[in-house]
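# Tertiary structure, described
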Amino acid sequence: MSLGVGLRAFTDALSLAREPGIARFIWWPALISLVVIGSSLGLLFSQVDAGVAWILSHLPSWLSFLEWILAPLAYVLGVLVGALLFSYAATLIASPFLGLLSARVQRHVTGTDPTSGLGVLATIPAALGRELRKLVYHLPRALLVFLLTLLPVVNLVAPVIWFAFGAWIMAVQFGDYAPENEDVDFRTTLATLKQHRAAALGFGAPAALAMAIPLINVVAVPVAVIGGTLLWCRLRQMGQPVVR
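Residues numbered from 1 in each chain as written. Predicted model: local features only at pLDDT ≥ 70, side-chain atom pairs only at ≥ 80, totals over all residues. Heavy atoms only, no water.

Turning our attention to the pattern of salt bridges. Taken as a whole, this structure holds four salt bridges when the rule is applied. In this structure, Arg-130 engages Asp-176 in a salt bridge whose closest nitrogen and oxygen atoms are separated by 2.7 Å. Of the two residues, Arg-130 is situated in helix α5 (residues 120-148) and Asp-176 in the loop between α6 (158-174) and α7 (177-181); the sequence distance between them amounts to 46 residues. One exposure class covers both Arg-130 and Asp-176, and it is buried. Salt-bridge contacts for Lys-134 lead to Glu-131; the nearest nitrogen and oxygen are separated by 3.1 Å. Note that Lys-134 and Glu-131 are positioned in helix α5 at a spacing of three residues, about one turn of the helix. Assessed through its relative accessible area of 0%, Glu-131 is described here as buried. What emerges from the salt-bridge pattern is a single network uniting Arg-130, Glu-131, Lys-134 and Asp-176. (Salt bridge = Lys/Arg side-chain N within 4 Å of Asp/Glu carboxyl O. Helix = DSSP H or I, 4+ residues; strand = E, 2+ residues; numbered from the N terminus. Buried < 20%, exposed > 50% of the residue type's maximum accessible area, 1.4 Å probe, protein only.)

Shown next as structure tokens:
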């Protein structure tokens, strides 16, 4: 499947988020995202300032020209990495609400409710367990990418590498709520997204970009859940095999 399929899933999510039957499920996740991401990014930028100042103070005078490269690069990396970490923290806290949002989108698209009708409190243990499973997948790969971007020459394109990695992680993170509602295990979700990697990246790229934009990232989490759910539903509707 092409990049365009994933991109349309994200852009269609922007419209669907305004539907009355969907919009009322967005407020709690958006509020949680506002508190978590807003407070965390403020702390991040203060640390980036301190880190850049420390590095510059230890550079020899003949390398002073690196200042105009180092500061923007540090902020770009800080935003991309911070968006990944803080959006994950927000999704972890809001995961039961995000599961309900995904289920409502599935009901809107397919006409059937994939959940058992349990309330938010009853879904918390399973939702947190699924998020921790994704964390086990995300963290080692994030560490590997971090180490890779420390290599000479490779670090010149570090923002591009982080963005591509972030796009894939966003696809995995937000493309998993719908299969979770259908009791599809995480390995099957992952295998399906890998089989349709272009579509997954087409969805994940704008999701990662939205996560990195202040204010926009407040509503990006629930919108990304809607988009990931649409992508999963369309894989099913178009007859694409779900790997098991």
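Quick look at a positive patch on the surface now. Residues Arg-133, Arg-141, Arg-187, Lys-194 and Arg-197 make up a contiguous surface patch of positive charge. If you list the elements that add at least two residues to the positive patch, you get α5 and α8 (186-195). Mapped onto the fold, Arg-187 is located in helix α8. Here Arg-187 falls in the exposed class, since its relative accessible area comes to 67%. (Patch = residues over 30% accessible without salt bridge, like charges linked within 9 Å, V, L, I, M, F, W, Y side chains within 5 Å. Areas by Shrake-Rupley, 256 points an atom, 1.4 Å probe, with all protein chains shown as cover. Lys, Arg positive; Asp, Glu negative; His and termini not counted. Charge placed at Lys NZ, Arg CZ, Asp CG, Glu CD.)

Ranked by internal contacts, the top residues of the largest apolar core, which has 50 residues, are Leu-101, Trp-168, Phe-174, Phe-203 and Ile-226. For this core, the secondary structure elements donating two or more residues are α1 (3-16), α3 (27-57), α4 (67-110), α5, α6, α8, α9 (197-211) and α10 (216-237). Among the elements that make up this core, the one with the highest residue count is α6 (nine residues). In contact with Phe-174, not counting residues within four places along its chain, are Thr-91, Phe-203, Met-211, Val-221, Ala-224, Val-225, Gly-228 and Thr-229. (Core = buried A, V, L, I, M, F, W, Y, C linked by side-chain atoms within 4.5 Å. Contact = heavy atoms within 4.5 Å.)

Residue placement: Thr-192 occurs in helix α8. At 2.8 Å, the side chain of Thr-192 and the backbone oxygen of Thr-188 are in polar contact. (Polar contact = N/O pair within 3.5 Å; in protein donor to acceptor, adjacent residues only side chain to side chain.)

Moving on to the environment of Ser-95. Here Ser-95 is to be found in helix α4. A relative accessible area of 2% places Ser-95 in the buried class. Considering only alpha carbons, one finds Ser-95 and Ile-124, 29 residues apart in sequence, at a separation of 7.7 Å. Among residues more than four places away in sequence, those in contact with Ser-95 are Ala-127, Leu-128, Glu-131 and Tyr-177.

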